[in-house]
Amino acid sequence: MTSQLLISTSASSSSSAPSGLEPGEPASSSTAVSEARNRLIESMKKSAYQVDHQVRVLTLQAEAEALLQQLQALKQQRSISELALTHRP
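Residues numbered from 1 in each chain as written. Predicted model: local features only at pLDDT ≥ 70, side-chain atom pairs only at ≥ 80, totals over all residues. Heavy atoms only, no water.

## A look at the overall build of the chain
- A tally of regular secondary structure across the chain gives two helices and zero strands.
- Considering the chain as a whole, with its 89 residues, one finds that 4% of them fall into the buried category.
- For the chain, the exposed surface amounts to about 7800 Å²; the carbon and sulfur share of it is 59%. (Helix = DSSP H or I, 4+ residues; strand = E, 2+ residues; numbered from the N terminus. Buried < 20%, exposed > 50% of the residue type's maximum accessible area, 1.4 Å probe, protein only. Areas by Shrake-Rupley, 256 points an atom, 1.4 Å probe, with all protein chains shown as cover.)

## Details of the confidence of the model for the chain
- Of the residues in the chain, 69% reach a pLDDT of 70 or more, and the chain-wide mean stands at 75.
- Taken as a whole, residues 1-22 scores under 50 in pLDDT and shows 15 contacts with residues more than four places along the chain or in a different chain. (pLDDT = per-residue confidence, 0-100. Contact = heavy atoms within 4.5 Å.)

## Structural notes on the pattern of salt bridges
- Enumeration over the complete set of coordinates arrives at one salt bridge.
- Put simply, Glu42 and Lys45 hold a salt bridge, and the shortest N to O gap is 3.3 Å. Within this pair, Glu42 and its partner Lys45 are both found in helix α2 (residues 28-86), separated by three residues, close to a single helical turn. (Salt bridge = Lys/Arg side-chain N within 4 Å of Asp/Glu carboxyl O.)

Pasting the structure below:
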């Protein structure tokens, strides 16, 4: 929600000329600030996605490990059952 607010704020501020300058005048310091703000917003978005992706990967890893443990337990039970059947008198 915060990033949406920042995006709308930066979009509205970049469309208007900075105070004290005419619309046709170059605004190198204002442009640099605007570009830095845009880069910061983009990096914040990327880092938020990276965190989401890391959480998803860790969740999937945990699920895979749990399934692997279940599979190993089932294999062990099957081996024990087969061993018991083969050694019956």
